[in-house]
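Okay, here's what each chain looks like letter by letter:
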Amino acid sequence: MLNVRNFTNFDIKFLQQKELELLEQFVNICNKEKLQYYVLGGTMLGAVRHKGFIPWDDDIDVAMPREDYEKFLAVAQKYLNKPYFLQTHITDEEYPLIFAKIRNSNTTFIQHCFNKYSMNHGVYMDIFPLDYYPTNKFKSFIVDLYNISLRFRIRFDLNNTKLPFYKQAVRKILFLILKIIYPNSNLVLQKRDKLFKSIKKSSLLANYCGTWGKKEIVPVDWYGEGIDMQFENLIVKVPTHYDKWLTQVYGNYMQLPPKEKQVSHHNTDIIDLENPYTKYIKRHK
């Protein structure tokens, strides 16, 4: 089940079908352009354990080596016909993240933390760049420190009304400090993107924008060329050493979580799979 305050025309299977259509568009582009990618996170776990979606999962995650990611951004929109839209902070000026999404503009999936943004809020899939991570401890410390400050500056702009009062107060103080250091939020996105691109080639790859933090820093060869695996009616790429990746992130990943944890983790205000997000959010001209 999803944590939603309001929704219409919603069914988890219908949502997953909409997301599967996005994944199919993505895979077709990568195959045509000979671009390397891997399904990641819960999508990888779903492919390995369920040969498709985890039954309660509500999103799709993929990752690409930086070079392939940049090539994808350069060519994707010419393949994507309406209602599909490639969303980045370049193509959608109020989008506050530095990784890309493909959206279905004829649908609505408004997450609470983004509901103040006049941007595309269609059903989406996430596309993460994979960048190198320094093996030198001092360099990695500097990268981590800089990345954390930039990430917090971005996250402070998002809605988060569930924090206790004292945490809200601390959050506001930190936000004021970081806003003095980084007054322009778009510049923060550019700085963070530049940071990841600037790291020299190493034996480690990181998904800096992923959910699992340092657990998603792994040896380059864990990804490798990737291997084919079934995901619903598609054949997708998973990392060559998917077992190592999944074990590092999830532990005993083949064991199902308890029933009470078999829920999605997106705090969603509105889901409507039959009407466009513009019904709920007006966009700037």
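Note that the coordinates shown come from a computational prediction; the quantities given were computed from them, not determined experimentally.

*Asks:* What's the story with the overall build of the protein in this structure? I'm lost.
*Replies:* Looking only at helices and strands, the protein features eight helices and twelve strands. Within the protein, the fraction of its 285 residues that count as buried is 52%. Sequence-distant contacts in the protein: of pairs separated by 6 or more residues, those separated by 24 or more amount to 69%. Carbon and sulfur atoms make up 56% of the accessible area of the protein, which amounts to about 14,800 Å² in all.

*Asks:* Is there a simple way to explain the packing of aromatic side chains in this structure?
*Replies:* Any aromatic ring pair is given by two values, namely how distant the centres are and how the planes are angled relative to each other. According to the stated counting rule, one finds ten aromatic pairs in the structure shown. Note on Tyr133 and Tyr208: the rings are 6.2 Å apart at their centroids and 40 degrees apart in plane angle, and the pair reads as tilted. Of this pair, Tyr133 sits in the loop between strand S7 (123-132) and helix H4 (137-155) while Tyr208 is found in the loop between strand S8 (204-206) and strand S9 (217-219), placing the two residues 75 residues apart along the sequence. The pair formed by Tyr133 and Tyr208 is uniform in burial state, with each residue classed as buried. Looking at Lys101, its charged tip hangs above the ring of Tyr124, at a distance of 3.6 Å from the centre.

*Asks:* Got a minute to help me understand helix H8 (residues 242-250) in this structure?
*Replies:* One turn of an α-helix holds 3.6 residues; hence residues three or four places apart share an orientation. Every buried residue of H8 is listed here: Trp245, Leu246 and Val249. Projection of H8 onto a plane perpendicular to its axis shows the buried side chains occupying an angular sector of 90 degrees, all on one side. Residues of H8 that are buried sit in contact with helix H2 (41-50), S9 and helix H7 (220-223). Positive phi shows up at Gly251, right after H8, with a value of about 75 degrees.

*Asks:* Please clarify how the nonpolar core should be interpreted in this entry.
*Replies:* Buried together is how nonpolar side chains tend to be arranged in soluble globular proteins. Judged by nonpolar contacts, the single largest core of 75 residues is most densely connected at Leu23, Phe26, Phe72 and Ile127. Top element by residues in this core is helix H1 (residues 12-33). It accounts for eight residues. Setting aside anything within four residues of it in sequence, one finds Phe26 in contact with Tyr37, Val62, Met64, Phe72, Ile102, Met125 and Ile127.

*Asks:* In this structure, what is going on with the pattern of salt bridges? I would like to understand it.
*Replies:* Summed over all chains, the structure comprises nine salt bridges. Among the ionic pairs, Arg66 bridges to Asp131, the shortest N-O distance being 2.8 Å. Highlighted residues: Arg66 in helix H3 (residues 66-79) and Asp131 in strand S7, separated in sequence by 65 residues. Given the relative accessible area of 12%, Arg66 is considered buried. For Asp131, a relative accessible area of 4% corresponds to the buried category. Here Lys237 ties to Asp228 by a salt bridge, and the two come within 3.1 Å at their closest N and O atoms. Put simply, Arg66, Glu70, Asp131, Asp193 and Lys197 are held in one network by salt bridges that share partners.

*Asks:* Any chance you could explain the environment of Glu225 here in plain terms?
*Replies:* With respect to the helices and strands, Glu225 occurs in the loop between H7 and strand S10 (227-231). Spatially, the C-alpha atom of Glu225 lies 7.6 Å from that of Gln36, the residues being 189 residues apart in sequence. Residues within four places of Glu225 in sequence aside, it is in contact with Gln36, Tyr38, Lys237 and Thr240.

*Asks:* Mind showing me how you'd approach the packing of H1 against H3 here?
*Replies:* How two helices pack is summed up by the angle between their axes together with the distance between the axes. Contact geometry for H1 and H3: axes closest at 10 Å, N-to-C directions at 115 degrees. Handedness of the H1/H3 crossing: right-handed. Contact residues: H1 offers Gln25, Phe26, Ile29, Cys30, Lys32 and Glu33, while H3 offers Phe72, Val75, Ala76, Lys78 and Tyr79.

*Asks:* Can you walk me through the side chain of Asn104 in this structure?
*Replies:* You can see Asn104 is positioned in strand S5 (residues 100-104). By relative accessible area, which is 4% here, Asn104 ends up buried.

*Asks:* Can you help me understand the environment of Ile98 in this one?
*Replies:* As for its placement among the helices and strands, Ile98 is situated in the loop between strand S4 (84-87) and S5. Exposure remark for Ile98: the relative accessible area of 6% places this residue in the buried category. For Ile98 and Asn186, which are 88 residues apart along the polypeptide, the C-alpha to C-alpha distance reads 9.8 Å. Aside from chain neighbours lying at most four places away, what touches Ile98 is Tyr69, His89, Leu189, Arg192, Asp193, Phe196 and Cys209.

*Asks:* Explanation requested: the pairing of S5 in the structure shown.
*Replies:* Look at any regular strand and the pattern is simple: side chains alternate between the two faces of the sheet. Within S5, five of the five residues are buried, leaving the element largely enclosed by the surrounding structure. Taking every second residue as pointing to the same face, both faces of S5 are buried, with Ala100, Ile102 and Asn104 on one and Lys101 and Arg103 on the other. Pairing analysis gives four bridges linking S4 to S5, with the strands arranged antiparallel. Its bridge partner being in S5, Leu86 is matched across the sheet by Ile102. The pairing of S5 with S7 spans five bridges and is antiparallel.

Parameters and conventions
- Residues numbered from 1 in each chain as written.
- Predicted model: local features only at pLDDT ≥ 70, side-chain atom pairs only at ≥ 80, totals over all residues.
- Heavy atoms only, no water.
- Helix = DSSP H or I, 4+ residues; strand = E, 2+ residues; numbered from the N terminus.
- Buried < 20%, exposed > 50% of the residue type's maximum accessible area, 1.4 Å probe, protein only.
- Contact = heavy atoms within 4.5 Å.
- Areas by Shrake-Rupley, 256 points an atom, 1.4 Å probe, with all protein chains shown as cover.
- Phe/Tyr/Trp six-rings, centres within 6.5 Å; stacked < 30°, edge-to-face > 60°.
- Lys NZ or Arg CZ within 6 Å of the ring centre and 35° of its normal.
- Arc of directions from axis to C-beta.
- Core = buried A, V, L, I, M, F, W, Y, C linked by side-chain atoms within 4.5 Å.
- Salt bridge = Lys/Arg side-chain N within 4 Å of Asp/Glu carboxyl O.
- Axes fitted to C-alpha atoms, helices over the stretch in contact; angles between N-to-C directions.
- Left-handed = near helix turned anticlockwise from the far one by under 90°.
- Pairing = 2+ DSSP bridges.

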